[in-house]
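The chain contents come next:
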Amino acid sequence: FFTYAGPPVGVPSHDEIDFEFLGKNTHAVEITSWRNGEKSDSVVIPLKYDASAEFHDYAFEWTPTAIRWYIDNHMVHETPAGVPMPENASRIYVSLWSGSAIEDSWMGHFVYTKPVTAEVVWVKYTPIKEVP
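A few points on the structure. Because the structure is a prediction, the values reported are computed rather than measured.

Rules and cut-offs
Residues numbered from 1 in each chain as written. Predicted model: local features only at pLDDT ≥ 70, side-chain atom pairs only at ≥ 80, totals over all residues. Heavy atoms only, no water. Salt bridge = Lys/Arg side-chain N within 4 Å of Asp/Glu carboxyl O. Helix = DSSP H or I, 4+ residues; strand = E, 2+ residues; numbered from the N terminus. Buried < 20%, exposed > 50% of the residue type's maximum accessible area, 1.4 Å probe, protein only. Contact = heavy atoms within 4.5 Å. Pairing = 2+ DSSP bridges. Axes fitted to C-alpha atoms, helices over the stretch in contact; angles between N-to-C directions. Phe/Tyr/Trp six-rings, centres within 6.5 Å; stacked < 30°, edge-to-face > 60°. Core = buried A, V, L, I, M, F, W, Y, C linked by side-chain atoms within 4.5 Å.

**Overview of the pattern of salt bridges**
(1) Moving on: Evaluation of the coordinates by the stated rule reveals three salt bridges.
(2) Moving on: With a closest N to O distance of 2.8 Å, Arg-35 and Glu-87 form a salt bridge. Linking Arg-35 in strand β3 (residues 28-35) with Glu-87 in the loop between β7 (74-78) and β8 (91-93), this pair joins segments that are 52 residues apart in sequence.
(3) Moving on: The class for Arg-35 is partly exposed, based on a relative accessible area of 28%.
(4) Moving on: What makes Glu-87 exposed here is its relative accessible area of 59%.

**A closer look at the side chain of His-56**
(1) Moving on: For His-56, the location among the structural elements is in the loop between β4 (38-46) and β5 (58-62).
(2) Moving on: Taking relative accessible area as the criterion, His-56 reaches 19% and is therefore assigned buried.
(3) Moving on: Here His-56 is in contact with Tyr-49 and Asp-72, once residues within four sequence places are set aside.

**Some remarks on the environment of Leu-22**
(1) Moving on: Positionally, Leu-22 belongs in the loop between β2 (15-20) and β3.
(2) Moving on: Considering only alpha carbons, one finds Leu-22 and Ala-51, 29 residues apart in sequence, at a separation of 9.9 Å.

**A word on the sheet that holds β2**
Adjacent strands of a sheet form backbone hydrogen bonds with each other and so pair up, either parallel or antiparallel.
(1) Moving on: The strand order across the open sheet formed by five strands is β4-β3-β2-β1-β8, and the pairing between neighbours is antiparallel. Edge positions in the sheet fall to β4 and β8, since each has one partner strand and no second. Along the sheet, successive strands turn relative to each other by an average axial angle of 20°, direction set aside.
(2) Moving on: Sheet topology note: the strand β1 (residues 2-5)/β2 ladder contains four bridges and is antiparallel. Within β2, the residue paired with Ala-5 across the bridge is Asp-15.

**Examining the packing of aromatic side chains**
(1) Moving on: Counted according to the given criterion, the structure contains six aromatic pairs.
(2) Moving on: A centroid spacing of 6.4 Å and a plane angle of 20° characterise the contact between Phe-1 and Phe-60, whose relative ring orientation is stacked. Of this pair, Phe-1 sits in the segment before β1 while Phe-60 sits in strand β5, and the two are 59 residues apart along the sequence.
(3) Moving on: For Phe-60, a relative accessible area of 24% gives the class partly exposed.
(4) Moving on: On the basis of an interplanar angle of 75° and a centroid distance of 6.3 Å, the ring pair of Tyr-4 and Tyr-93 is categorised as edge-to-face. Placement of the pair is Tyr-4 in strand β1 and Tyr-93 in strand β8, with a sequence separation of 89 residues.
(5) Moving on: Classification of Tyr-4 by relative accessible area gives buried; the value is 15%.
(6) Moving on: A connected cluster of aromatic rings, assembled from ring pairs, spans Phe-1, Phe-19, Phe-21, Tyr-58 and Phe-60.

**Examining the nonpolar core**
Nonpolar side chains in soluble globular proteins tend to end up buried together.
(1) Moving on: Ile-17, Phe-19, Val-29, Ile-31, Ile-45, Leu-47, Tyr-49, Ile-67, Trp-69, Ile-71, Val-83 and Met-85 form the largest nonpolar core, which has 12 residues in total.
(2) Moving on: Only β2, β3 and β6 (67-71) provide two or more residues apiece to this core.
(3) Moving on: Among the elements that take part in this core, β6 stands out by supplying three residues, more than any other.
(4) Moving on: Setting aside residues up to four positions removed in sequence, Ile-71 forms contacts with Phe-19, Val-29, Ile-45, Leu-47, Tyr-49, Asp-57, Tyr-58 and Val-76.

Pasting the structure below:
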């Protein structure tokens, strides 16, 4: 799942915040942020479980100065100081990529052997309270 702002949704620059599970390794998640079409921060977080086998809570907190990613209420990464933050209001997307030859090295080669699904139990958005 990810947030997105960019030309297809009427925003001139491309900003994203990503939680990406790659089929080639279901024991890790890649987290990334983008600002103005440039990747700003990216790291692969090893998991102590198979993400395809059970439900877990995944979240991020986006402030003007940092993005913090959480798994099961534990912070697993915070953008380092000085990393450019996404600036545009964004939409939240939940998607399942089937991949292409260009993405094989990143995601692993995808072959349809049976119907592919992703199950999401809930999604919640909580705006950060403004500090007076």
